[in-house]
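Structural description and commentary
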Amino acid sequence: GINSKHTLLIADACFSGGLLKSRGVGKAMINLYNMPSRKAITSGTLTTVPDKSVFIKYLIKYLNQNTETLISADQIFYKIKVSVMNNSPSSQVPQYGPIHQANDEGGEFVFFKSEQ
């Protein structure tokens, strides 16, 4: 119900993987950006996750260290996934994919790094 071209939900919560149906920068990135997207990055599957979030630790760390001008949500996910899995006391497995029945058309949420 959100009136937006792109919606990216990042969920650091128990059972957040239930949101998902399943499981190049430049012109290609802009093409992905131009198509509507409804994606989610979740901190785990249909299980509990730790209160002290390993997921958010690596998400923030990667975003702070990123030097790319354009970076897609899936690129961010693949950068943090293994770190979260390897450093979670409960062996949590982050998930990424389209939100089921939310009008995703294959686009991608793209972060644009501003010049400071």
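The notes below deal with the structure included here. Since we're looking at a predicted model, the values are computed, not measured.

**As for the pattern of salt bridges**
All told, the structure shown has 1 salt bridge when counted by the stated rule. Notably, a salt bridge pairs K39 with D104, separated by 2.7 Å at the nearest N-O pair. One end of the pair, K39, is in strand 2 (residues 37-42); the other, D104, is in the loop between strand 4 (95-98) and strand 5 (110-112), with 65 residues separating them in the sequence.

**A few points about the side chain of S37**
Tracing the backbone shows S37 in strand 2. Look at S37 and you get buried, because its relative accessible area is 0%. Polar side-chain contacts of S37 include one of 2.8 Å to the side chain of H6. Excluding residues that lie within four positions of it along the chain, S37 makes contacts with K5, H6, T7, D104, G107, E108 and F109.

What counts, and where the lines are drawn
- Every residue gets a number counted from 1 within its own chain, in the order that chain's sequence is written.
- Restriction of local features to residues with pLDDT of at least 70 applies here, the model being predicted, together with a cutoff of 80 or more for giving and counting side-chain atom pairs; totals for whole chains, interfaces and linings are based on all residues.
- Excluding hydrogens and water, the side-chain figures rest on all heavy atoms present in the structure.
- Within this document, salt bridges are pairs made up of a side-chain nitrogen of Lys or Arg and a carboxyl oxygen of Asp or Glu, the two lying within 4 Å of each other.
- Helix and strand assignments follow DSSP, with helices taken as H or I runs no shorter than four residues and strands as E runs no shorter than two, numbered in order from the N terminus.
- Burial classification: accessible surface area is computed with a 1.4 Å probe over protein chains only, and a residue below 20% of its type maximum counts as buried, one above 50% as exposed, and the rest as partly exposed.
- Throughout this description, a polar contact denotes any pair of N or O atoms lying within 3.5 Å of each other; where both atoms belong to protein, one of them has to be capable of donating a hydrogen while the other can accept it, and for residues adjacent in sequence the pair is counted only when both atoms sit in side chains.
- Working rule for contacts: check all heavy atoms of both residues, and any pair within 4.5 Å makes them a contact.

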